[in-house]
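Next come the chains, spelled out residue by residue.
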Amino acid sequence: MTESPDRDLIVRARRGDRDAFGELVRSTQNAVFNVCYRLLGERREAEDLAQETFIRAWDKLHTFDPQRPFLPWVRRVAANLCLNHLSARGSDLPELNEEHDLAAPGTTPPLLVEQRQQAEKIRAALLRLPPRYRIAIELRHFQELSYEEMAQALNCPLSDVKSDLFRARKLLAEKLKDPDFP
Amino acid sequence: MNHLSEETINEYLDHALTPELRAKSELHLAACPTCAARLGELRALFGHLASLPELALEVDLASQFKKNPAPLPPSIRWLTLVEALIALFALVLFWPLAETTLPSVPIPTTMGFWPDGNPLFADGFILNLDLQLPRLGLDLPVAALALTVISATLLWLLGNGLLLSPRSRRIL
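All values reported here derive from a predicted model rather than from experimental measurement. (Residues numbered from 1 in each chain as written. Chains lettered and ligands numbered in written order. Predicted model: local features only at pLDDT ≥ 70, side-chain atom pairs only at ≥ 80, totals over all residues. Heavy atoms only, no water.)

A.B. asks: Looking at this structure, how should I read the overall build of chain A?
C.D. replies: A tally of regular secondary structure across chain A gives eight helices and zero strands. In sequence order, chain A lays out its α and β elements as α-α-α-α-α-α-α-α. Counting all 182 residues of chain A, 47% fall into the buried class. A separation threshold of at least 6 residues defines the contact pool for chain A, and within that pool the share at least 24 residues apart is 67%. Accessible surface computed for chain A: about 9,400 Å², of which carbon and sulfur atoms make up 48%. (Helix = DSSP H or I, 4+ residues; strand = E, 2+ residues; numbered from the N terminus. Buried < 20%, exposed > 50% of the residue type's maximum accessible area, 1.4 Å probe, protein only. Contact = heavy atoms within 4.5 Å. Areas by Shrake-Rupley, 256 points an atom, 1.4 Å probe, with all protein chains shown as cover.)

Laid out in structure tokens, this is it:
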């Protein structure tokens, strides 16, 4: 197995070196924040959950294998935290924040507007999904987990994972095809 | 013609089919426009999701994991010490003033202020406080003492303001 580039930092962090853990946080915080934002849809809430993710990761670092890369693990922690948070919050849909998406270099303003509108439509469609479908899309499409890894992360049967994922895709496709949505 | 199931089309795009099943699916897709169209729609969805841009995080979450807080700069530490000494000095100088002004302090009744003639209290006061403070032997004009107290107060406020400012306070 090739050595993880984070290995030295993880080993130092496991010994209590907060600066080393801070470096791990700095390199992964944007990705973790985006996991939370895709699942929750509200910036402030996503920042809070991202912060909680790293606190949880710091507490659980002794259980993490330093040979493995840090980012996939901490993103899964974030996804699980968000799932628990969504379950506790109930089915209230958040108002979608105004976005500040990273524009592709060289894009002209009309194209940028179209890209932003498309992104907003996708985010709105994701937020309309029930939490378990949203998580399935997040783990498969944004974290690139296999069906088996998803089942392990969510602690549920493989058949349920596949069923949720396929159903989520169908609902998303219908919403994105709807010209009147959102 | 039997069409491909939703599960098969999804697993085809997820590369989760066995090689044998994948080969059979490809043959069917080549011959069935309906299933090819369904595959195309699903593939388009995958494209939409892959195109979703990431947002920029606007706060630094790493700062809470700083190892040790930065020590207070030397100027702030010296200022704190000077403040404390001036306050002590002002207290020593103020003591004779307190000797002359505090011995008889009328304290109104806790039941409220009663005007003269109240059947319960003849003069409106129920208590006279007579303080006997130790004499230090210093004899300074009241104006000088007042100036000292005011200066000490201003220095104290200024010093605490500096201590409480974000740049100088300790990170706890």
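A.B. asks: Explain a nonpolar patch on the surface here, please?
C.D. replies: Residue and element names in this part refer to chain B. Judged by side-chain polarity, Ile150, Leu154, Trp156 and Leu157 come together as a nonpolar surface patch covering roughly 440 Å² of accessible area. Within the fold, Leu157 resides in helix α5 (residues 142-164). Note on Leu157: relative accessible area 54%, which makes it exposed. (Patch = residues over 30% accessible without salt bridge, like charges linked within 9 Å, V, L, I, M, F, W, Y side chains within 5 Å. Salt bridge = Lys/Arg side-chain N within 4 Å of Asp/Glu carboxyl O.)

A.B. asks: How do you make sense of the interface of chain A and chain B when you look at a structure like this?
C.D. replies: Interface size, as often reported, equals the accessible area lost upon joining of the parts. Residue-level contacts link 43 residues of chain A with 27 residues of chain B. Where chain A touches chain B, the interface holds seven salt bridges. In this structure, Lys162(A) and Glu7(B) form a salt bridge, with 3.5 Å as the shortest nitrogen-oxygen distance. Our enumeration of links across chain A and chain B arrives at 14 residue pairs in polar contact (both at pLDDT 80 or more). Among the elements of the structure, α2 (18-40), α3 (43-60), α5 (109-128), α6 (131-142) and α8 (158-177) of chain A are those that each provide at least two residues to the side of chain A that touches chain B. Broken down by element, the residue count for the side of chain A that touches chain B peaks at 13 residues, all from α2(A). For the side of chain A that touches chain B, the per-class residue count stands at 21 nonpolar, eight polar and 14 charged. (Polar contact = N/O pair within 3.5 Å; in protein donor to acceptor, adjacent residues only side chain to side chain. Nonpolar A, V, L, I, M, F, W, Y, C, P; charged D, E, K, R; others polar.)

A.B. asks: Where do I start with the packing of helix α7 (residues 147-154) of chain A against α8(A) in this structure?
C.D. replies: The angle between the axes and the distance between the axes are what describe a pair of packed helices. Residues and elements named next belong to chain A. At a closest axis distance of 9 Å, the pairing of α7 and α8 adopts a crossing angle of 105°. On the basis of their axis angle, the class for α7 and α8 is roughly perpendicular. Counted together, Tyr147, Glu148, Met150, Ala151 and Leu154 of α7 and Leu158, Val161, Lys162, Leu165 and Phe166 of α8 form the full contact between these two elements. (Axes fitted to C-alpha atoms, helices over the stretch in contact; angles between N-to-C directions. Parallel < 35°, antiparallel > 145°, perpendicular 65-115°, else oblique.)

A.B. asks: Help me out: how do you make sense of the packing of aromatic side chains in this one?
C.D. replies: Geometrically, a pair of aromatic rings is defined through the distance of the ring centres and the angle of the planes. For the structure on display, the rule yields nine aromatic pairs over all chains. Between Phe21(A) and Phe70(A), the ring centres sit 6.1 Å apart and the planes meet at 85°, which makes this aromatic pair edge-to-face. Taken together, the positions of Phe21(A) in helix α2 and Phe70(A) in helix α4 (residues 70-89) put the pair 49 residues apart, joining distant regions of the chain. The buried category is assigned to Phe21(A), whose relative accessible area is 0%. For Phe70(A), a relative accessible area of 0% puts it in the buried group. Where Phe64(A) meets Phe70(A), the ring centres are 6.1 Å apart and the plane angle is 85°; that geometry is what we call edge-to-face. Phe70(A) shares its class with Phe64(A); the two are buried. Through successive ring pairs, a cluster of aromatic residues spans Phe21(A), Trp58(A), Phe64(A), Phe70(A), Trp73(A) and Phe65(B). (Phe/Tyr/Trp six-rings, centres within 6.5 Å; stacked < 30°, edge-to-face > 60°.)

A.B. asks: Looking at this structure, how should I read the confidence of the model for chain B?
C.D. replies: Caution applies to low-pLDDT parts of the model: their predicted coordinates are not meant to be read in detail. Overall, the predicted model of chain B reaches an average pLDDT of 74, with 59% of residues at or above 70. In this model residues 109-114 of chain B is a low-confidence stretch, pLDDT under 50, and it forms four contacts with partners more than four residues away in sequence or in other chains. (pLDDT = per-residue confidence, 0-100.)

A.B. asks: Help me understand the state of the cysteines in this model?
C.D. replies: Here, the word disulfide means a covalent bond between the sulfur atoms of two cysteines. If you walk through the whole model with that rule in mind, you get zero disulfides over all chains. With no disulfide partner, Cys36(A) has as its closest neighbouring cysteine sulfur the one in Cys82(A), 3.6 Å distant. Look at Cys36(A) and you get buried, because its relative accessible area is 0%. Its sulfur unpaired, Cys32(B) is 3.6 Å from the next cysteine sulfur, which belongs to Cys35(B). (Disulfide = S-S within 2.5 Å.)

A.B. asks: Could you clarify how one ought to interpret the nonpolar core in this entry?
C.D. replies: The tendency in soluble globular proteins is for nonpolar side chains to be buried side by side. Counting 73 residues, the largest nonpolar core has Phe21(A), Phe54(A), Phe70(A), Leu126(A) and Ile137(A) as its most contacted members. Residue contributions to this core peak at 11 residues, all from α2(A). Other than its neighbours up to four places away in sequence, Leu126(A) contacts Arg134(A), Ile137(A), Phe142(A), Leu172(A), Leu49(B) and Leu52(B). (Core = buried A, V, L, I, M, F, W, Y, C linked by side-chain atoms within 4.5 Å.)

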